[in-house]
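Listed below are the residues making up each chain.
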2 protein chains.
Amino acid sequence: MNLSEAFKKTNRQLSGQGKRTVQVLKEALMNVDSETESDYYGTGQVIEDFQNKLARYLGKEAAVFFPSGTMAQPIALRIWCDQKGVKKIAYHPLSHLEIHEEDGPKELHHLEPILLADKSRVIELEDVLAMDPDVACLLLELPQREIGGQLPSYETLEKISAYCRRKGIKLQLDGARLLEILPYYQKTAVEVCGLFDSVYVSFYKGIGGLAGAILAGDKDFVEKSKVWKRRHGGDLISLYPYIISADYYFDQRVTKMGSYYEGAKELASYFNKCQGIQTLPLEPVSNMFHVHIALPKETVEAMFVDIYEKTGIGMTGRLNEVTATSCYFEVSVGDQFSLIQKEELQQLFDFVDKSLRDKME
Amino acid sequence: MNLSEAFKKTNRQLSGQGKRTVQVLKEALMNVDSETESDYYGTGQVIEDFQNKLARYLGKEAAVFFPSGTMAQPIALRIWCDQKGVKKIAYHPLSHLEIHEEDGPKELHHLEPILLADKSRVIELEDVLAMDPDVACLLLELPQREIGGQLPSYETLEKISAYCRRKGIKLQLDGARLLEILPYYQKTAVEVCGLFDSVYVSFYKGIGGLAGAILAGDKDFVEKSKVWKRRHGGDLISLYPYIISADYYFDQRVTKMGSYYEGAKELASYFNKCQGIQTLPLEPVSNMFHVHIALPKETVEAMFVDIYEKTGIGMTGRLNEVTATSCYFEVSVGDQFSLIQKEELQQLFDFVDKSLRDKME
């Protein structure tokens, strides 16, 4: 059996909000009146109410629901580029826009990204100060997912924000995991978003919804984004399956981000006690982190399949190779983690540690 | 009360598949196992099975599910343009791409449309023969929605197809309402699609699903379209709410298109017996037609509100002004029409005819 199959057979997982089955949608629909009217090409109560709710939550004038962040973020950057009359924007070399979107931002919007910092660390004030000030927009991803969910200090954010405002550089927040960082910063969404001109948040990371995103900013920005949403083919006649589930799981989980963060720190410490394992960051600053293992991917795969079968607990369905002798996987703590008893957790990590020691001898 | 509100209060409608409420989704989910796994960024059984089913139904090598036709069609044209190394494409001046997409095809893909025929009629062979043969792709919308759903003859289609093949011009079918025209042509979907290189069909017109589209063609074309789907932000982690409902209502209604077509002809004849009304086309060639009324929009609105209140039957929620003294609305026959008894229908049209005569005196 391969790792992905073995993972699917586990009945509990360290990460996430549970399996992505049709039940996730059915549960969200359960208490919705069947006679509720669909949204209609971006209008109607179901979409407008949710947009207003999120605009308030984020402290922005207006918000618009998008099918995906992959659609919303290049549009945000394009709007700021058009306003300044340049194509240059800046983001991290491991930004979603750079590595996961098939070059959509370049192919469709001809954006010219300047890559700040290097792949191993977050963007710091010095990177921004040294950047060509003629960029239209700087995009910051908080936390920086591809390096385990790292964050700059809040003071750094404030300084970057103040500098960008002074220089007429718009600041876009890639807040796919915005809610997940609030406990570490000890700030509200309004406070963090107040540093940015425009903000994207996702509903299927920590929130655990089906799909969908919100893009928020001032009214003019949001109105323009609706035109681009139609151009992209995202102004669907009905988006309510995503909106209803986003709203349902937002209400259910917005207050749980603190416990996810605490869970991530606890879980990371279990991992860090194992032979040959180190988490990135060493102490998480959100609900997520990466688990780096000093063994070849294939070795760890076989080992994990065995552990899943023995414990019924899944750690990951996918390992990423770093070098021929090391690999990593991502952990995002959600509701699932709290379902695992302490003794089971200890037993799991006893297994993991022992298996690693056996392999490393 | 305005027309839209009055229409929503009617308990039966001449057009359509019923009100677009959350019940439409709930019904489609009813018999789906809760443990069914979500699709995952374009992979997984729920999406692959449906894509394969539709590829077979349309007689194409492969198919891909899109959130919308507004996303799928410019992508199809872009692929054919890239293959030929030109930006020129051709379509009708009232094509969806020209009038309903905020210039997305031009703004995102820099397509250079050549408009064939004039706004009052469909594209004929002569238009194609006279066209710059250096276009990459000709898009034909069957039926031509904005002129009441008109169609060229099937022989014309065959000749256009043969000509385009000879000249190396790709032919894209805007088949948003493909199923709806098969009874008139007396052809299968495979036969019609065989004339085209690539095909788009929609699932929320005659099929009455939530949203979503299929784009079909050869394997290479479909693989390229998946890359563009991601670039557009349409490669969602979960598209299953649309896929499950598309599949459910497709099965339920694919065999009903003949009765919708017969219903449309019957209904059009009722309208055409009324003073000051003429349908376009005079005899429908699909389930749809336009109803043109020789009275000012405001006059007809007030009249219709009154008729809806008296009969409980809605004819339309929206009138479109043609001139200061004429207006029209669209009718698409679906399941709703069959719920109205003959006597009620006769009573409704007695009302309509009498009201029109009163106004026109």
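See the structure printed just above.
Described below are features of the structure shown in this document. This is a predicted model, so every value here is computed, not measured.

About the cut-offs
Residues numbered from 1 in each chain as written. Chains lettered and ligands numbered in written order. Predicted model: local features only at pLDDT ≥ 70, side-chain atom pairs only at ≥ 80, totals over all residues. Heavy atoms only, no water. Helix = DSSP H or I, 4+ residues; strand = E, 2+ residues; numbered from the N terminus. Buried < 20%, exposed > 50% of the residue type's maximum accessible area, 1.4 Å probe, protein only. Lys, Arg positive; Asp, Glu negative; His and termini not counted. Salt bridge = Lys/Arg side-chain N within 4 Å of Asp/Glu carboxyl O. Polar contact = N/O pair within 3.5 Å; in protein donor to acceptor, adjacent residues only side chain to side chain. Least-squares fit on C-alpha atoms with pLDDT ≥ 70 in both. Contact = heavy atoms within 4.5 Å. Pairing = 2+ DSSP bridges. Axes fitted to C-alpha atoms, helices over the stretch in contact; angles between N-to-C directions. Expected span 1.5 Å × (residues − 1).

## So, the side chain of Asp197 of chain B
Residue and element names in this part refer to chain B.
Here comes step 1: Mapped onto the elements of the fold, Asp197 is located in the loop between α10 (189-193) and β7 (198-202).
Here comes step 2: Within the buried core, Asp197 has no salt-bridge partner, and the shortest N-O distance to an opposite charge, that of Lys170, equals 4.1 Å.
Here comes step 3: Here the side chain of Asp197 touches Leu171 through a polar contact of 2.8 Å, landing on its backbone nitrogen.

## Here we look at the relation of the copies chain A and chain B
One chain copy maps onto the other through a rotation about an axis and a shift parallel to that axis.
Here comes step 1: At an RMSD of 0.0 Å, chain A and chain B line up after a rotation of 180° and a shift of 0.0 Å along the axis. Both copies of the chain, as the preceding transformation shows, are related through a two-fold rotation axis.
Here comes step 2: Mapped onto chain B, 100% of the interface residues of chain A are again interface residues, and the two copies thus contact each other with one and the same surface.

## Details of the sheet that holds strand β10 (residues 288-293) of chain B
All names here are of chain B.
Here comes step 1: Taken in spatial order, the 4 strands make up an open sheet running β9-β10-β13-β12, and their pairing is antiparallel. Strands with a single pairing partner mark the edges of an open sheet, and in this sheet they are β9 (277-280) and β12 (320-323). This sheet shows a mean twist of 30° between the axes of neighbouring strands, independent of strand direction.
Here comes step 2: Pairing geometry for β12 and strand β13 (residues 326-332), over 3 bridges, is antiparallel. The partner of Thr323 across the bridge, within β13, is Ser326.
Here comes step 3: Along the sheet, helix α14 (residues 297-311) makes contact with β10, β12 and β13, crossing β13 at roughly 50°.

## A word on helix α4 (residues 69-84) of chain A
One turn of the α-helix equals 3.6 residues, which is why residues spaced by three or four share an orientation.
Residue and element names in this part refer to chain A.
Here comes step 1: For α4, spanning 16 residues, the distance from its first C-alpha to its last is 23 Å, which sits close to the expected 22 Å at 1.5 Å a residue.
Here comes step 2: With 13 of its 16 residues buried, α4 lies for the most part within the structure.
Here comes step 3: Sitting at the amino-terminal end of α4 is Ser68, which places a side-chain oxygen 3.5 Å from the backbone nitrogen of Thr70.
Here comes step 4: At the exit of α4 stands Gly85, carrying a positive phi of roughly 75°.

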